[in-house]
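These are the residues of each chain, in order.
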Amino acid sequence: MLKLKVKTSTKYQITIGSGLEGFNQSVDKYIKGDKVAIIMDTNVSKLYKNLLEEKLSAKKVFTYIVPAGENSKSKEQYFNLLEKLCSDGFTRHDTIIAFGGGVVGDLSGFVASTYMRGIALIQVPTTILSAVDSSVGGKTAINLENGKNLVGAFYQPRAVYVNTEFLKTLPDKEIKSGFGEIIKYALLSKKVTLDLVKNGISEKLIYECLKIKRDIVSKDEKESSLRALLNLGHTVGHAIESLSKYQISHGECVVKGLIYTLKISQKVFNLTQSQIDQINKIINCYNHDTSCEYSAEQIMNKVCFDKKGDGKAVKFVLLKDVGNPKIVSLTHQQIKECIE
Ligand code: GLY
């Protein structure tokens with residue numbers, strides 16, 4: 001079992017284990033109150049509902065199930081969950097467990113951050129993406145008609161419990177998507193080595209990825225500067241995700257975004273051939289489809305006229321080398337010259 005301490009506005013522990021024997025020993029001490037609301041989606045409930053309810057049977061457990069998929073990050077599901085907590089008598093002294101991937105984590109986190117102005121939250125991720133990224137760092141959100149994650153809060157969990165056991169039942173598409181995010185970490189830091197990534201999911205791999213995230217969010221909890229490094233590959237990745245109407249998975253879009261990151265980094269930093277080869281080797285280590293069916297113009301339009309932009313320049317995370325990312329502001333003209 002591996003452990004990491006996160007030092008944000010509230011401090012909490014990440015536990016990474018394999019095999020569920022130690023579940024209670026790792027989780028029980030973080031549960032506040034007598035009542036626990038476990039929020040999960042329809043896919044996870046088929047596999048693990050009984051198991052989790054049994055593990056937590058010493059408490060009064062309420063299981064709330066939401067439909068699987070991004071559409072559950074909606075105001076309807078958000079208010080449904082708040083109403084359920086209220087009618088089941090939850091107080092600020094009880095606990096929510098977000099048991100799932102990014103959607104359940106973001107939705108449950110936002111519910112936890114606002115129910116009675118904040119109720120204890122434990123994140124138990126069940127996808128690789130949520131295990132190495134979204135369960136840590138306190139970003140919570142729901143979507144609006146006009147865009148993803150437009151309503152949310154920074155709300156740190158009381159604990160994060162990752163167990164590789166929950167990742168064994170993932171479909172191939174989800175695994176591929178998760179490794180897209182892991183490849184990002186392998187480019188951000190040399191600690192996530194190519195060998196470690198190629199060996200597949202392990203406690204050590206999750207630990208090394210989360211250590212990078214932990215170090216960044218501990219220094220910049222609310223993304224005023226450094227936390228943006230975690231967006232490596234995401235600027236173009238999000239554009240492709242949106243152009244595909246979310247038909248291409250997040251991690252696969254990140255990998256496609258990394259190809260553009262390399263293209264731009266090459267021009268901006270004049271990378272050597274050996275640096276380019278090394279970066280390419282990492283991006284391609286899981287044989288992701290790196291092709292992109294969208295034109296440079298379509299991508300430009302999404303990247304440059306994103307609601308969050310200032311209309312003139314866009315902040316990109318670029319690579320000076322493997323393990324040496326830099327945040328650079330590029331004008332629309334510069335981006336155009338780099339990606340066309
Ligand atoms: N997923 C990027 C972040 O948490 O900041």
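Being a predicted model, the structure only gives us computed values, none of them experimental. (Residues numbered from 1 in each chain as written. Predicted model: local features only at pLDDT ≥ 70, side-chain atom pairs only at ≥ 80, totals over all residues. Heavy atoms only, no water.)

**Q** Please clarify how the overall build of the protein should be interpreted in this entry.
**A** Within the protein one finds 13 helices and 11 strands. For the protein, whose C-alpha radius of gyration is 20 Å, the value lies close to the compact-globule estimate of 20 Å for 340 residues. Within the span of the protein, comprising 340 residues, buried residues form 55% of the whole. The contacts of the protein with a sequence gap of at least 6 include a subset with a gap of at least 24, amounting to 73%. Side chains of the protein carry 47 positive and 36 negative charges; the gap between the two charge centres is 5 Å. (Helix = DSSP H or I, 4+ residues; strand = E, 2+ residues; numbered from the N terminus. Rg over C-alpha atoms; globule rule 2.2 N^0.38 Å. Buried < 20%, exposed > 50% of the residue type's maximum accessible area, 1.4 Å probe, protein only. Contact = heavy atoms within 4.5 Å. Lys, Arg positive; Asp, Glu negative; His and termini not counted. Charge placed at Lys NZ, Arg CZ, Asp CG, Glu CD.)

**Q** Hey, could you run me through the site of the ligand in this one?
**A** Around the ligand sit Asp133, Lys139, Lys213, Glu223, Arg227 and Leu230, and that is every residue in its neighbourhood. Take arginine 227: an N or O atom from its side chain is 2.7 Å from an oxygen atom of the ligand. Alone, the ligand offers 200 Å² of accessible surface; in the complex the protein occludes 87% of this. Looking at the shell around the ligand, its residues break down into one nonpolar, no polar and five charged. (Near = heavy atom within 4 Å. Polar contact = N/O pair within 3.5 Å; in protein donor to acceptor, adjacent residues only side chain to side chain. Areas by Shrake-Rupley, 256 points an atom, 1.4 Å probe, with all protein chains shown as cover. Nonpolar A, V, L, I, M, F, W, Y, C, P; charged D, E, K, R; others polar.)

**Q** Explanation requested: helix α11 (residues 273-283) in the structure shown.
**A** Inspection of α11 places Gln275, Ile276, Ile279, Ile282 and Ile283 among the buried residues, and these make up the whole buried set. Within α11, the buried residues cover an arc of 130° as seen down the axis, which keeps them to one side. Set apart from the buried face of α11 by more than 90 degrees, the exposed residues are Gln273 and Ser274. For α11, the secondary structure elements touched by its buried residues are α6 (172-188), α7 (194-198), α10 (250-269) and β10 (313-321). (Arc of directions from axis to C-beta.)

**Q** Explain the sheet that holds strand β2 (residues 11-17) here, please?
**A** Hydrogen bonds between backbone groups are what pair the strands of a sheet, and the pairing can be parallel or antiparallel. On the basis of which strands lie adjacent, the open sheet formed by seven strands has the order β1-β2-β9-β6-β5-β3-β4 and mixed pairing. Here the strands that pair on one side only, and so sit at the sheet edges, are β1 (2-7) and β4 (60-66). Within this sheet the neighbouring strands show an average axis-to-axis angle of 20°, counted without direction. Relative to β4, strand β3 (residues 35-41) runs parallel, the two sharing seven bridges. Bridging from a neighbouring strand, aspartate 41 pairs with valine 66 of β4. On top of the sheet, helix α2 (residues 42-55) reaches β3, β4 and β5 (95-100); it is set at about 150° to β3, its chief contact. (Pairing = 2+ DSSP bridges. Axes fitted to C-alpha atoms, helices over the stretch in contact; angles between N-to-C directions.)

**Q** What is the right way to look at the environment of alanine 68 in this model?
**A** By secondary structure assignment, the location of alanine 68 is in the loop between β4 and α3 (75-87). Take alanine 68: its relative accessible area is 35%, and that puts it in the partly exposed class. Once the C-alpha coordinates of alanine 68 and asparagine 284 are considered, the two residues, 216 residues apart in sequence, prove to be 29 Å apart. Once residues lying within four places of it in the same chain are set aside, the contact partners of alanine 68 are Asp41, Thr42 and Asn43.

**Q** Help me understand the packing of aromatic side chains in this model?
**A** Working definition: an aromatic ring pair is given by the centre-to-centre distance plus the angle between the planes. Under the definition given, this model contains eight aromatic pairs. Taking the centre distance of 6.1 Å and the plane angle of 70° together, the rings of tyrosine 48 and phenylalanine 99 count as edge-to-face. With tyrosine 48 in helix α2 and phenylalanine 99 in strand β5, this residue pair connects regions lying 51 residues apart in the sequence. There is no split in this pair, since tyrosine 48 and phenylalanine 99 are both buried. Ring centres of phenylalanine 179 and tyrosine 286 lie 4.0 Å apart, and the angle between their planes is 15°; this geometry places the pair in the stacked category. With phenylalanine 179 in helix α6 and tyrosine 286 in the loop between α11 and α12 (296-304), the pair connects residues that are 107 residues apart, well separated along the chain. Given the relative accessible area of 2%, phenylalanine 179 is considered buried. Sitting over the face of the ring of phenylalanine 90, lysine 35 holds its NZ or CZ atom 5.8 Å from the ring centroid. (Phe/Tyr/Trp six-rings, centres within 6.5 Å; stacked < 30°, edge-to-face > 60°. Lys NZ or Arg CZ within 6 Å of the ring centre and 35° of its normal.)

**Q** Sorry, what's going on with α10 here?
**A** Within an α-helix, residues lying three or four positions from one another point in the same direction, as the helix has 3.6 residues per turn. Here α10 is 20 residues long and its end C-alpha atoms lie 27 Å apart, about the 28 Å a rise of 1.5 Å per residue gives. Among the 20 residues in α10, 14 count as buried, and that is most of the element. Downstream of α10 by a residue or two, asparagine 270 has a phi angle that is positive, lying close to 55°. (Expected span 1.5 Å × (residues − 1).)

**Q** I'm lost on the pattern of salt bridges in this one. Help?
**A** Oppositely charged side chains may form a pair once their charged atoms are brought near each other. Following the criterion strictly, the structure yields 13 salt bridges and no others. Notably, a salt bridge pairs lysine 49 with glutamate 53, separated by 3.2 Å at the nearest N-O pair. Of this pair, lysine 49 and glutamate 53 both sit in helix α2, four residues apart, which is roughly one turn of the helix. Glutamate 53 sits in the partly exposed class, given a relative accessible area of 23%. Its salt-bridge partner being aspartate 289, residue lysine 256 comes within 3.8 Å of it at the nearest N-O pair. Of this pair, lysine 256 sits in helix α10 while aspartate 289 is found in the loop between α11 and α12, placing the two residues 33 residues apart along the sequence. (Salt bridge = Lys/Arg side-chain N within 4 Å of Asp/Glu carboxyl O.)

**Q** Would you take a moment to explain a positive patch on the surface for this structure?
**A** Residues Lys3, Lys5, Lys7, Lys11 and Lys29 make up a contiguous surface patch of positive charge. Of all the elements, β1 adds the most residues to the positive patch, at three residues. As for its placement among the helices and strands, lysine 3 is situated in strand β1. Looking at lysine 3, the relative accessible area reads 47%, which means it is partly exposed. (Patch = residues over 30% accessible without salt bridge, like charges linked within 9 Å, V, L, I, M, F, W, Y side chains within 5 Å.)

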